[in-house]
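An overview of the molecular structure
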Amino acid sequence: VQLQASGGGLVQAGGSLRLSCAASGRTFSSYAMGWFRQAPGKEREFVAAISYGGGSTDYADSVKGRFTISRDNVKNTVYLQMNSLKPEDTAIYYCARSRSRLTSRTNYDRWGQGTQVTVSS
């Protein structure tokens, strides 16, 4: 499977962006998906995850209430709606496919190429 992330850009603090991650292949709906991010000089961190059917989600405390993960299993796409963005949300955002059907903060085996999100103050 290949994952292609898009939708990043430059936005002012308080603004919104929606990231998309399109997946190739026929097994998209069989696996949970996740979003991660890596800021300059920092380790990659978990942002959000969604179960294979979309019925269960999980968020990092730092984005809870501001970000929403969703998926469209017909379009083989997972989304990350980001509202009330803060400068500390600046990072490269990666989508990833889990080895499991259920939400997880680890256990991912396929990664997209990343899309840059920059939030100015």
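See above for the structure.
Let us look at the structure shown here. (Residues numbered from 1 in each chain as written. Predicted model: local features only at pLDDT ≥ 70, side-chain atom pairs only at ≥ 80, totals over all residues. Heavy atoms only, no water.)

Regarding the sheet that holds strand β7 (residues 67-72)
Pairing within the open sheet is antiparallel, and its four strands lie in the order β1-β3-β8-β7. The open sheet terminates on both sides in strands that have one partner only, identified here as β1 (3-6) and β7. Averaged over all adjacent pairs, the angle separating strand axes in this sheet is 15°, with direction ignored. Bridge analysis of β1 against strand β3 (residues 17-23) gives four bridges, and the strand direction is antiparallel. Along β3, the bridge assignment pairs Ala 5 with Cys 21. (Pairing = 2+ DSSP bridges. Helix = DSSP H or I, 4+ residues; strand = E, 2+ residues; numbered from the N terminus. Axes fitted to C-alpha atoms, helices over the stretch in contact; angles between N-to-C directions.)

Overview of the pairing of strand β4 (residues 33-38)
Within β4, five of the six residues are buried, which leaves it mostly tucked inside the rest of the structure. Strand direction decides the pairing type here: β4 and strand β5 (residues 45-50), joined by five bridges, are antiparallel. Residue pairing in the sheet places Gly 34 in a bridge with Ala 49 of β5. The antiparallel pairing of β4 with β5 creates a hairpin that spans six residues between the two strands, and Gly 41 there sits at a positive phi of about 75°. As defined by bridge partners, β4 adjoins strand β9 (residues 91-98) across six bridges and the pair is classed as antiparallel. Looking at the pairing, Trp 35 lines up with Cys 95 of β9. (Buried < 20%, exposed > 50% of the residue type's maximum accessible area, 1.4 Å probe, protein only.)

Points about unusual backbone geometry
For Asn 76, which is not a glycine, the phi torsion comes out positive at approximately 55°. Examined against the element boundaries, Asn 76 turns out to sit in the loop between β7 and β8 (77-82). Residue Asn 76 is classed as buried on the basis of its relative accessible area, which comes to 17%. Even without glycine at this site, Asn 107 takes up a positive phi of about 70°. Structurally, Asn 107 can be placed in the loop between β9 and β10 (108-111).

Overview of the environment of Met 33
Topologically, Met 33 is positioned in strand β4. Judged by its relative accessible area of 1%, Met 33 falls in the buried class. Sequence spacing of Met 33 and Ser 51 is 18 residues, and the spatial spacing of their C-alpha atoms is 6.6 Å. Contacts of Met 33, omitting those with residues within four sequence positions, involve Leu 3, Phe 28, Ala 48, Ala 49, Ile 50, Ile 69, Arg 71, Val 78, Ala 96, Arg 97 and Tyr 108. (Contact = heavy atoms within 4.5 Å.)

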